[in-house]
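Below are the chains, spelled out letter by letter.
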Amino acid sequence: MSSQKKKNFQIEAFKHRVVVDPKYAERTWKILEHAIHEIYNHNASGLSFEELYRNAYNIVLHKFGEKLYSGLVSTLTSHLKEIAVSIEASQGALFLEELDRKWSEHNKALQMIRDILMYMDRTFIPSTHKTPVHELGLNLWRDNVVHTIKIQTRLKDRLLELVQKERDGEIIDRGLMRNVIKMLMDLGSSVYQEEFEKPFLVVSANFYRGESQLFIENCDCGDYLKIAEKRLNEEIERVSHYLDAKSEVKITNVVEKEMIESQMIRLVHMENSGLVNMLVDDKYNDLGRMYHLFRRVPNGLSLVRDVMTSHIRETGKQLVTDPERVKDPVDFVQRLLDEKDKHDKIINLSFNNDKMFQNALNSSFEYFINLNTRSPEFISLFVDDKLRKGLKGVSEEDVETLLDKVMTLFRYLQEKDVFEKYYKQHLAKRLLFNKSVSEDAERSLILKLKTECGYQFTSKLEGMFTDMKTSDDTMQGFYSAMGPELGDGPTLAVHVLTTGSWPTQLTTACNLPPEILTVCDKFKTYYLGTHNGRRLTWQTNMGSADIKATFAGGQKHELNVSTYQMCVLMLFNNADELSYTEIEQATEIPTLDLKRCLQSLACAKGKNVLRKEPMSKDIDEHDTFFFNDKFASKFYKVKIGTIVAQKESEPEKQETRQKVEEDRKPQIEAAIVRIMKARRVLDHNNMVAEVTKQLQSRFLPNPVVIKKRIESLIEREFLERDKDDRKLYRYLA
């Protein structure tokens, strides 16, 4: 079997040629051409689509595809030319309706023709790279209908006319507009753009340019913005109803450019209604409208921010430099807080909490708060006022809110160490005189300061609270140990203060009355006996006393006075009349304090337990003082406050400033040494920049002071100058 040869099978072609009837192609095309005519004449119901499909199939199969395709083109062209004549003949408003109707009919016809010629579409057309039937139908409609001279211009004018009518408030047939515009889009994006979009944008620009000129002359800023917003929304709505979605960006750009960008400088600065007036009058809606419109154009928000910044800075500058405002520190700070609240609300409600505007507000406040060198002192006085009496009956949440607002102002201060100095003084008085309305509020503020500036900033403030607690324990121990020895003498309450933590002043101790001095000496003996290596210095300027006094008719009162006032009043136990000089010599109270003390005892209405001659508001060194036997009050307990300048006098201010400058020196030196340890070698300019960067959270060091501290460190051989470059410093280990 293996020896047998394999037989190869082969299929051979027919020996004779298959001859096609020469008239076959012509005859078949006539059938198809007749069908196309019937379809366009709305007589398609009598056609057999199956038979027509088979004819089209056979004609392509027999290589007559080219004849079929060229016949289709000429037949469609002929019909479309007839349609164009029909559309041209339509009058007025019927023009678009006729165009839309004929377009709809053409699409239906095209669908049927494509179904009949499906085989040609799938085989002949791809192989010969010709245009598919449906696309061919669109192209022929474009060339024979839309692009005819009579229809092309008329179509464009009619569409733009209807848009203008709608802008003028008339009702138009949006459905018809949508159909016609969609026809242009279906014919290709280039047709839509050339035949409608480009002229539409040009006409729109001219329209809005004219409208903006008209309204800018006749409207205020708020009304103009409302019109611009309305027009913008109308165009966006128009796009959604009958234009290409891609046209939205283009038409809104036109409105933005002509109605907003071209007029924005004039709008912002418009007299009596521009941005500044909106800010002053809290016009949240108008400001919000301006924000949302101006953010759409280049540099729009930057312009709003710059004008707002300029206004806030000018307003703030007037506030902090007005001599009348500066007279009342509490009102001064309250006005700052009111300004901050006002602009915070605007940024929140109108400017979408935009960071750019928040930063502008912060930089403006930082600018003008630091124009007044007394701002740190005034903010501390404001806190002092609130923590003494201003927070009575206020809820815990409101207290926290107020403290947070104060902290915001504190952050703007460049001289935070000056605030600390004053805050320490005011806190000391609140604690020593038991004037604070809420220890929780006190501790809350210290915690906020600690979070903001670190432990070092508040360690001494926390130490003050510790001393108050320790002092209570000390007094209990004193009375337990020394009670029997004290007898019926005055009751003493001592606060033992750590020198480093409290703002103690080097004051000359006044001469205490003998009764008080005895008890004080006993306390001193007890305290030094229980604590080794300590030294006590009496701070008589910081004390208070309750003394019982008897007036005419046996009327008795308990007077709450300062230690200085007590020393003065006790002198009148042994004399009815004393001159200013005699009081000064007997008590040795510093002149300024003595004058304040006598002023409160003799000049304060309803509190004048002394009287003076001659009678006047001020104390003179030639005045004489008498015990006021006729003093009367409806209260048994009478508090006689010292006439204290709420803010510091000029000499006191200079003294505080000097102390602050002295405290800054070691901080600057420490920063220089830290930097040089890390860098080893550094030039002068970079040194100043680094020191400023390290210390700016507490204060802004003066470059001149930095230079002096560098000189001091060179003298003490912490640093040396480079031998070749005098501006270069080297660290000496």
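Criteria and thresholds
Residues numbered from 1 in each chain as written. Predicted model: local features only at pLDDT ≥ 70, side-chain atom pairs only at ≥ 80, totals over all residues. Heavy atoms only, no water. Helix = DSSP H or I, 4+ residues; strand = E, 2+ residues; numbered from the N terminus. Rg over C-alpha atoms; globule rule 2.2 N^0.38 Å. Buried < 20%, exposed > 50% of the residue type's maximum accessible area, 1.4 Å probe, protein only. Areas by Shrake-Rupley, 256 points an atom, 1.4 Å probe, with all protein chains shown as cover. Lys, Arg positive; Asp, Glu negative; His and termini not counted. Charge placed at Lys NZ, Arg CZ, Asp CG, Glu CD. Patch = residues over 30% accessible without salt bridge, like charges linked within 9 Å, V, L, I, M, F, W, Y side chains within 5 Å. Salt bridge = Lys/Arg side-chain N within 4 Å of Asp/Glu carboxyl O. Pairing = 2+ DSSP bridges. Axes fitted to C-alpha atoms, helices over the stretch in contact; angles between N-to-C directions. Contact = heavy atoms within 4.5 Å. Polar contact = N/O pair within 3.5 Å; in protein donor to acceptor, adjacent residues only side chain to side chain. Parallel < 35°, antiparallel > 145°, perpendicular 65-115°, else oblique. Left-handed = near helix turned anticlockwise from the far one by under 90°. Nonpolar A, V, L, I, M, F, W, Y, C, P; charged D, E, K, R; others polar. Core = buried A, V, L, I, M, F, W, Y, C linked by side-chain atoms within 4.5 Å. pLDDT = per-residue confidence, 0-100. 1 Å grid on protein atoms, 1.4 Å probe; cavity = no way out; pocket = protein on both sides within 12 Å on 5 of 7 lines; lining within 4 Å. Points joined across faces, edges and corners; volume = space filled by probe spheres on them. Phe/Tyr/Trp six-rings, centres within 6.5 Å; stacked < 30°, edge-to-face > 60°. Disulfide = S-S within 2.5 Å.

1. Examining the overall build of the protein
Phase 1: Along the backbone of the protein there are 30 helices and nine strands.
Phase 2: In terms of overall dimensions, the protein is more spread out than a globule: its C-alpha atoms have a radius of gyration of 48 Å, far above the 27 Å expected for 733 residues.
Phase 3: Seen through its principal axes, the protein has C-alpha atoms that stretch 155 × 90 × 60 Å.
Phase 4: Counting over 733 residues, the protein shows a buried share of 44%.
Phase 5: Accessible surface, the protein: about 39900 Å² in total, of which carbon and sulfur atoms supply 50%.
Phase 6: Side-chain charges of the protein comprise 108 positive and 111 negative groups, with the mean position of each set lying 5 Å from the other.

2. Overview of a negative patch on the surface
Phase 1: Taken together, the side chains of Glu396, Glu397, Asp398 and Asp440 define an acidic patch exposed on the protein surface.
Phase 2: Broken down by element, the residue count for the negative patch peaks at three residues, all from helix α20 (residues 396–412).

3. What about the sheet that holds strand β7 (residues 681–683)?
Phase 1: What the three strands build is an open sheet, ordered β7-β9-β8; its pairing is antiparallel. Edge positions in the sheet fall to β7 and β8 (719–721), since each of these pairs with one other strand and no more. In this sheet, neighbouring strand axes are inclined to one another by 30 degrees on average, regardless of whether the strands run parallel or antiparallel.
Phase 2: Of the strands in this sheet, β7 and β9 (728–731) touch helix α29 (residues 684–695), which is tilted by about 95 degrees from β7.
Phase 3: Of the strands in this sheet, β8 and β9 touch helix α30 (residues 703–715), which is tilted by about 100 degrees from β8.

4. What to know about the side chain of Glu669
Phase 1: Tracing the backbone shows Glu669 in helix α28 (residues 650–679).
Phase 2: Within the local environment of Glu669, its side chain forms a polar contact with the side chain of Arg716, the two groups lying 2.5 Å apart.
Phase 3: Once residues lying within four places of it in the same chain are set aside, the contact partners of Glu669 are Arg709, Ser712, Leu713 and Arg716.

5. Considering the packing of helix α2 (residues 49–61) against helix α5 (residues 118–128)
Phase 1: Orientation of α2 relative to α5, taken along the N-to-C sense of each, is 20 degrees, at an axis distance of 8 Å. Relative to α5, the element α2 is oriented roughly parallel. Note on packing geometry: the crossing formed by α2 with α5 is right-handed. Counting all contacts with α2, which are made through Tyr53, Tyr57, Val60 and Leu61, the residues of α5 involved are Met118, Tyr119, Met120, Thr123 and Phe124.
Phase 2: For the contact of α2 with α5, the class distribution of residues is eight nonpolar, one polar and no charged.

6. Considering the nonpolar core
Phase 1: Membership of the largest hydrophobic core comes to 81 residues, with the highest contact counts inside it found for Met290, Phe294, Phe351, Leu409, Tyr423 and Leu449.
Phase 2: The contacts of Leu409, once residues within four sequence positions are left out, are Val333, Leu336, Leu337, Phe365, Ile369 and Ile379.
Phase 3: Core analysis: the next-biggest nonpolar cluster, separate from the first, contains 64 residues, Trp29, Ile116, Leu176 and Tyr192 among them.

7. What about the confidence of the model for the protein?
Phase 1: Considering every residue of the protein, the mean pLDDT works out to 87; 94% of them sit at 70 or more.
Phase 2: Predicted confidence in the protein is weakest over α28, with a mean pLDDT of 81, and strongest over helix α14 (residues 284–294), with 96.
Phase 3: Below pLDDT 50 for its whole length, residues 13–19 participates in zero contacts with residues either more than four positions away or in separate chains.

8. A closer look at empty space enclosed by the protein
Over the atoms, a rolled probe matching the size of one water molecule traces out where space is still vacant.
Phase 1: The full count for this structure, using the stated rule, is one cavity of 30 Å³ or more.
Phase 2: Estimated volume of the largest cavity: approximately 60 Å³.
Phase 3: Trp29, Leu32, Ala35, Ile36, Leu68, Leu72, Ile113, Ile116 and Leu117 together form the lining of the largest cavity.
Phase 4: Among the secondary structure elements, those contributing two or more residues to the lining of the largest cavity are α1 (24–40), α3 (65–89) and α4 (94–116).
Phase 5: Of the residues forming the lining of the largest cavity, the biggest block, four residues, is contributed by α1.

9. Regarding the pairing of β9
Each regular strand carries side chains that alternate between the two faces of the sheet.
Phase 1: On β9, burial follows the alternation: Tyr729 and Tyr731 on one face are buried, whereas Leu728 and Arg730 on the facing-out side are not.
Phase 2: Examined bridge by bridge, β7 and β9 share three bridges and lie antiparallel to one another. Its bridge partner being in β9, Val681 is matched across the sheet by Arg730.
Phase 3: Note: β8 against β9, three bridges, orientation antiparallel. What sits directly across from Arg721, in β9, is Tyr729.
Phase 4: Where β8 folds back onto β9 in an antiparallel hairpin, the turn is made up of six residues.

10. Quick word on the packing of aromatic side chains
Here a ring pair, both rings aromatic, is described through the centre-centre distance and the interplanar angle of the planes.
Phase 1: If you walk through the whole model with that rule in mind, you get 20 aromatic pairs.
Phase 2: With a centroid separation of 5.6 Å and 15 degrees between ring planes, the pair formed by Phe419 and Tyr423 is classed as stacked. Residue Phe419 and its partner Tyr423 are both found in helix α21 (residues 416–432); the two are separated by four residues, about one turn of the helix. When sorted by exposure, Phe419 lands in the same class as Tyr423, which is buried.
Phase 3: For the pair Phe523 and Tyr527, a centre-to-centre distance of 5.9 Å together with 25 degrees between the ring planes defines the contact as stacked. In this pair, Phe523 and Tyr527 are both assigned in helix α24 (residues 514–530), four residues apart and thus about one turn of the helix distant.

11. Looking at the sheet that holds strand β1 (residues 544–550)
Phase 1: Taken in spatial order, the three strands make up an open sheet running β1-β2-β6, and their pairing is mixed. Each having just a single partner strand, β1 and β6 (637–639) make up the two edges of the open sheet. Neighbouring strand axes in the sheet, compared pairwise and without regard to direction, differ in orientation by 25 degrees on average.
Phase 2: Sitting on the sheet, helix α25 (residues 563–571) touches β1 and β2 (556–562), and the angle it makes with β2 is about 130 degrees.

12. Quick word on unusual backbone geometry
Generally, phi is negative for residues other than glycine and the peptide bonds are trans, each holding for most cases.
Phase 1: The peptide bond linking Glu613 to Pro614 adopts the cis configuration, its omega dihedral lying at -10 degrees.
Phase 2: The phi dihedral of His129 is positive, around 55 degrees, even though this residue is not glycine.
Phase 3: Along the chain, His129 turns up in the loop between α5 and α6 (133–146).
Phase 4: Residue class for His129 comes out exposed when judged on its relative accessible area of 74%.
Phase 5: One non-glycine residue with positive phi stands out, namely Glu717, at about 65 degrees.
Phase 6: Looking at the element boundaries, Glu717 is found in the loop between α30 and β8.
Phase 7: With a relative accessible area of 61%, Glu717 lands in the exposed category.

13. Quick look at the pattern of salt bridges
Phase 1: Overall, the coordinates contain 52 salt bridges when judged by the stated rule.
Phase 2: Here Glu50 and Arg54 are joined by a salt bridge, their closest N and O atoms 3.8 Å apart. Residue Glu50 and its partner Arg54 are located together in helix α2, separated by four residues, close to a single helical turn.
Phase 3: Residue classification places Glu50 among the exposed residues on the basis of a relative accessible area of 61%.

14. Regarding the state of the cysteines
Phase 1: Evaluated as defined, the whole model comprises zero disulfides.
Phase 2: Residue Cys567 stays outside any disulfide, its sulfur separated by 3.8 Å from that of Cys510, the closest cysteine.
Phase 3: On the accessibility criterion, Cys567 (3% relative accessible area) is buried.

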